[in-house]
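Structural features, examined
Residues per chain are reported as follows:
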Amino acid sequence: DNEYLQVWDKILMPIAKEYQPELILVSAGFDAAQDDMGECHVTPDGFAKLTRQLMTLADGKVVCALEGGYVRRVLCNCVENVVKTLLDRNSVKRTAVMEEELSNQDGSLLTRMAGATVTTTTTNMERVINSSAAKSIRDTISAHQKYWKCLQRDDAIG
């Protein structure tokens, strides 16, 4: 989950907030789930966290279309967590409050991952996630900085 949450926090959510979409459409494939064919090890709770963050955009107007996942047992758990999240409108308020409470003075965001709280600043991203994933995130930010103001911050590259 950590790598996906870092991509969400460092790239996707800042860009989405800057873009200010009116509606979020999700092609909800779960083959990246832990124990599924994609072998990306995203947990059902990880998918719920990503969904909850999407719900903070577009006044919570999020549409998910199920399109993938190959292991039924895994697919069932992932879909259940995402649907529960979509139906819990209070989760958006809790997410916004949590982000505000966990944001510290230097602009880094504390992210709850797998029951632990980890500071995800530029100095320790590689301690939170795989170094190859951290490099990919930095390279992606560098490639897109010229297009998005939110990625032009000094601490964006992490």
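Below: a short report on this structure. Computed from a predicted model, the values in this text were never measured in an experiment.

Focus on the overall build of the protein
Broken down by element type, the protein carries 6 helices and 4 strands. The order of helices and strands in the protein, counted from the N terminus, is α-β-α-β-α-α-β-β-α-α. Residues counted as buried form 40% of the 158 residues belonging to the protein. Residue pairs in contact within the protein that sit at least 24 positions apart in sequence constitute 67% of those at least 6 positions apart.

Considerations on the nonpolar core
Of all hydrophobic cores here, the largest spans 23 residues; its most connected members are I24, F30, F47, L54, L57, V62 and C78. It is helix α3 (residues 72–87) that provides the largest number of residues to this core, a total of 5 residues. Not counting residues within four places of it along the chain, the set of residues in contact with L54 comprises W8, M13, I24, V26 and V62. Judged by nonpolar contacts, the second largest core, of 11 residues, contains A134, I137, C150 and L151.

A short note on the packing of helix α1 (residues 2–19) against helix α2 (residues 44–54)
Remark: α1 packs on α2, axes separated minimally by 10 Å, with the N-to-C direction vectors making an angle of 15 degrees. On the basis of the axis angle, α1 is roughly parallel to α2. In this structure, α1 crosses over α2, and the sense of that crossing is right-handed. Seen from α1, the contacting residues are Y4, L5, W8, D9 and M13; seen from α2, they are K49, L50, Q53 and L54. Looking at the contact of α1 with α2, its residues break down into 6 nonpolar, 1 polar and 2 charged.

Section: the environment of A33
By secondary structure assignment, the location of A33 is in the loop between β1 (24–29) and α2. Assessed through its relative accessible area of 0%, A33 is described here as buried. Separated by 32 residues in the primary sequence, A33 and D1 place their C-alpha atoms 9.5 Å from one another.

Parameters and conventions
Residues numbered from 1 in each chain as written. Predicted model: local features only at pLDDT ≥ 70, side-chain atom pairs only at ≥ 80, totals over all residues. Heavy atoms only, no water. Helix = DSSP H or I, 4+ residues; strand = E, 2+ residues; numbered from the N terminus. Buried < 20%, exposed > 50% of the residue type's maximum accessible area, 1.4 Å probe, protein only. Contact = heavy atoms within 4.5 Å. Core = buried A, V, L, I, M, F, W, Y, C linked by side-chain atoms within 4.5 Å. Axes fitted to C-alpha atoms, helices over the stretch in contact; angles between N-to-C directions. Parallel < 35°, antiparallel > 145°, perpendicular 65-115°, else oblique. Left-handed = near helix turned anticlockwise from the far one by under 90°. Nonpolar A, V, L, I, M, F, W, Y, C, P; charged D, E, K, R; others polar.

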